[in-house]
Amino acid sequence: MNSVSNSSKDNFKLGNLVRRLKGINRLFLCTVIIPSLIALIYFGLIASDVYISESRFVVRSPDKRSVTGLGALLQGAGFSRAQDDGYAVRDYILSRDALQKLESKYSISKSYSSKNIDLFNRFGGFDHDYSFEALLRYYLKHVTVESDSLSSISTLTVRAYTNDEAFRINENLLEASEALVNQLNERGRQDMIRFATHEVVSTKEHALAAALAVSNYRNQNHLFDPAKQTTLQLQMISKLQDQLITAKSQLKQIQALTPNNPQIAALQGVTISLQASIDSETAKVAGSGSSLSHKSVEYERLNLESIFADKQLAIAFTSLEQARNEAQRKQFYLERIVQPNKPDVAMEPWRIRNIFATFMLGLILWGVLSMLLAGVREHQDHK
């Protein structure tokens, strides 16, 4: 009798449970209970732990001394714009090249496709797509770089499913970024020196050509310095004029005192000869196409070109020395503000928060749909 009564009680309890389940609103079941149970099972039992390694760095440029010439030109061309280089480092970290280095060095595709990772987070878990393009998309979801435009500090965040893997990827990305900065520095040094050396060679050739043009002109026109030669010619003309004045004075005195003096003819010949010499020397200074004044115009032009070329050559040598000095210093460098950390606990997923969020969203959805359905039913009842 007791066994019969116990079985009847069990049947009664089971029937009550079935009736209660049937009495549950199907909408509430679909929008709240089932999603919450799925979230509870997934985040509580299935979801893999996510370890986050974070580091901070800044790309800085050393304080520049005020420079002139080529150094100022190269600085104005962008060699001291470390903030732009910070964005270049950020783009590199998120590039195919960085991923290719990680893949060739650590085979991160195998690490991220480990069977210890749940299917929803595993690389190639559902679609079995193990191509490099798929790996890049997966990589960009797990590696982020955020830059602060005010402080120029960049934060590198790496998500992985073991703490060793997160730390290793973060450290390797920083090392690769430092190598990139050093490569850009080396290229900048080579460009500076190459440009300065090219300017020196070009300016030296121009200076030599200008000096040779002056020398050839001197040889062809038989002069060494038109200004000095003109001074000598004028001094000679002045002496001849003094002699001419003296001879004319003597001639006038003799003509006045002794008109028939035989020296008169000789003095007249002397004055004529002196005047001819004066005219000849004056023509050498100015007047004809072969005069010193005519030759000095072309000579001064060639000489000015030679002086200007020499000054340019001196400036080019100074710029080359400055470029070599600047090349010995780093144009910019990557400085680690915070070293990559090796997490000892998983930071994600936020299990309780995600379960609670799923439950609350389900309640909101259930409330909204219940109000809509009630409005539809009321509208139908009025019809």
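Counting starts from 1 at the beginning of each chain's written sequence and moves along it residue by residue. At least 70 in pLDDT is required for a residue's local features to be given in this predicted model, at least 80 for side-chain atom pairs to be given and counted, and no such filter applies to totals for whole chains, interfaces and linings, which use all residues. With hydrogens and water set aside, each side-chain value is computed from the structure's full complement of heavy atoms.

## A short note on the confidence of the model for the protein
Quick reminder of the rule: The predictor attaches a confidence to each residue, and that confidence, scored 0 to 100, is pLDDT. Contacts were defined at the residue level, with two residues in contact if any of their heavy atoms lie within 4.5 Å.
Summing up the model confidence of the protein, the mean pLDDT is 75 and the portion of residues at 70 or higher is 70%. Scored below 50 in pLDDT, residues 64-81 makes 27 contacts in the model with residues more than four places away or belonging to other chains.

## Looking at the sheet that holds strand β1 (residues 51-60)
Put simply, the test is: Strands qualify as paired when DSSP identifies two bridges or more between them. Elements are defined by DSSP. Helices are runs of H or I of four residues or more, strands are runs of E of two residues or more, and each kind is numbered from the N terminus. Throughout, an axis means a line fitted to C-alpha atoms (over the contacting stretch in the case of helices), and angles, computed between N-to-C directions, take values from 0 to 180 degrees.
Reading across from one edge, β2-β3-β1-β4 is the order of the four strands in this open sheet, with antiparallel pairing throughout. Looking at strand neighbours, the two that pair on one side only are β2 (143-147) and β4 (333-338), the edges of this open sheet. Averaged over all pairs of adjacent strands, the angle between their axes in this sheet comes to 25°, without regard to strand direction. Bridge count between β2 and strand β3 (residues 153-160): five bridges; the pairing is antiparallel. Across the sheet, S147 pairs through a bridge with S154, a residue of β3. The sheet strands contacting helix α7 (residues 132-142) are β2 and β3, and the helix crosses β2 at an angle near 50°.

## As for helix α5 (residues 96-106)
Rule in force here: Note on classification: 1.4 Å probe, protein chains only; a residue is buried when its accessible area is under 20% of the maximum for its type, exposed when over 50%, partly exposed between these limits. Picture the helix axis, draw a direction to every C-beta atom, and the arc is the one those directions span.
Turning to α5, its buried residues are A98, L99, L102 and E103. Angularly, the buried residues of α5 cover 135° about the axis, an arc narrow enough to put them on a single face. Of the exposed residues in α5, the ones pointing more than 90 degrees away from its buried face are D97, S104 and K105. S107, located one to two residues past α5, shows a positive phi value of around 55°.

## Examining the nonpolar core
Stated formally: Put simply, buried Ala, Val, Leu, Ile, Met, Phe, Trp, Tyr and Cys residues joined by side-chain atoms within 4.5 Å make one nonpolar core.
Residues I93, Y112, Y139, L156 and L173 are the most contacted members of the largest nonpolar core, which totals 34 residues. For this core, the elements supplying multiple residues, two or more each, are β1, α4 (82-93), α5, α6 (108-112), α7, β2, β3 and α8 (163-221). A per-element tally of this core places α8 first, with seven residues. Beyond its immediate stretch of four places on either side in the chain, I93 contacts F57, A98, Y139, V143, V145, L156, L173 and S177. Judged by nonpolar contacts, the second largest core, of five residues, contains A39, Y42, F43 and A47.

## As for the environment of E171
Here E171 lies in helix α8. Note on E171: relative accessible area 19%, which makes it buried. Along the sequence, E171 and Q339 sit 168 residues apart, while their C-alpha atoms lie 8.3 Å from each other. Leave out the neighbours within four places in its chain, and E171 touches R336 and P340.

## Quick notes on the environment of F126
Within the secondary structure, F126 is located in the loop between α6 and α7. A relative accessible area of 54% places F126 in the exposed class. If we ignore the near neighbours within four places in the chain, the residues touching F126 are L119 and F120.

## Structural notes on the pairing of β3
Among the eight residues in β3, six count as buried, and that is most of the element. Two strands pair when backbone bridges link them, and β1 and β3 are joined in this way by eight bridges, in the antiparallel orientation. Bridge assignment links S55 to a residue of β3, and that residue is L156.

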